[in-house]
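Close look at the chain arrangement
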Amino acid sequence: MRLAANAVNWAGRFSQRGRIQVPGLFDDASAEQLHRCLVNQDQWNLAFNRRGEHVDIGSDSVSIWTEAQSRQFEEMIYAGAKEGFQYRYKAVPIYDVYHDGSLPGHFFNTLFEFLNSDAFLNFGRQLLGRPEIGFCDAQATCFEAGHFLTTHDDDIGGKNRVAAYVISMTKNWNPNWGGALQFFNEQGNIEEGFLPAFNTLNVFQIPQSHAVEFVTPFASGPRLSITGWFRTGKDPRS
Ligand SMILES: O=C(O)CCC(=O)C(=O)O
Ligand SMILES: [Fe+2]
């Protein structure tokens, strides 16, 4: 993997606004390789929230649900979203996959090593002006029709998160399909939204109120990304 973008060009804007969108993150060959990997991935977990707990279930379990079970699941998801924080999307927990060695030879391992190499960590340190960044975690995410992530601020104690990153790897997204990463201001208005894009890095300071808009039933492709957080200290699993 090789970066094409230069953090120095974007650091000033980031420090003014607390968020940034950097197009052309990787060189063309790396971007295509990562895109192919995501498009060809057929095993995804289903991530959602059950009574305040994060749940991540294997695609094998989901594929044997009866129609009634799927309906029940959907009701549970929407009931949660009505009341507060809820999400539904497909994910591969790359950080765990790497450390557990559960997908030997998979490109996600190469990607994880790249995200924790000097090349990417220095990019983050320069962009954010935070030399103390020590590592980053990562997951692959796939938002399809009916998927969403309601408003939250990423502030979870004990994780030493400096900033969130989203490497958006979606080609030909139609803005009418939803799926924007939206940021809210103190008045509750949408201050800025980043639409899914190809080979584009979004980084934002946390805590910061944000959400991924519901992906509409007529979205004709998935919203693919690699997401995670730049964190201080040493990776506790390294
Ligand atoms: O996918 C995105 O654009 C943002 C994801 C996010 O906010 C999260 O995983 O906490
Ligand atoms: Fe978030």
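The name given to the chain in an unreviewed UniProt entry is 2OG-Fe(II) oxygenase, and the organism recorded there is Candidatus Seongchinamella marina. Annotation of the chain in UniProt includes, under Cofactor (unreviewed entry), the sentence "L-ascorbate".

What about the pairing of strand S7 (residues 148-152)?
The element S7 is largely enclosed, with a buried count of 4 among its 5 residues. Summarising the sheet, strand S4 (residues 87-92) and S7 pair through 2 bridges and their orientation is antiparallel. The residue bridging Arg88 from the neighbouring strand is Phe148, located in S7. Both S7 and strand S12 (residues 210-212) contribute to a ladder of 2 bridges, which runs antiparallel. Bridge pairing links Leu149 to Val212 in S12.

Topic: the coordination of the iron ion (ligand 2)
For the iron ion (ligand 2), the full set of protein donor atoms is His152 (NE2), Asp154 (OD) and His210 (NE2), at a range of 2.1 to 2.2 Å. Going along the chain, you hit the donors of the iron ion (ligand 2) in the pattern H-x1-D-x55-H. Grouping residues by exposure puts His152 and Asp154 together as buried.

Here we look at unusual backbone geometry
Omega for the peptide link from Ile206 to Pro207 comes to 0°, which places this bond in the cis form. Along the chain, the position of Pro207 falls in the loop between strand S11 (200-205) and S12. Backbone geometry at Arg51 places phi at a positive 45°, although glycine is not the residue there. Secondary-structure assignment places Arg51 in the loop between strand S2 (45-50) and strand S3 (53-57). Positive phi, close to 55°, is recorded for Asn172, a residue that is not glycine. Assignment of secondary structure puts Asn172 in the loop between strand S8 (161-168) and strand S9 (181-184). For Asn172, a relative accessible area of 73% corresponds to the exposed category.

Parameters and conventions
Residues numbered from 1 in each chain as written. Chains lettered and ligands numbered in written order. Predicted model: local features only at pLDDT ≥ 70, side-chain atom pairs only at ≥ 80, totals over all residues. Heavy atoms only, no water. UniProt positions renumbered as here; feature names shortened; annotations may be inferred. Buried < 20%, exposed > 50% of the residue type's maximum accessible area, 1.4 Å probe, protein only. Helix = DSSP H or I, 4+ residues; strand = E, 2+ residues; numbered from the N terminus. Pairing = 2+ DSSP bridges. Donors = N, O, S within 2.8 Å, 3.2 Å for Na, K, Ca; no water.

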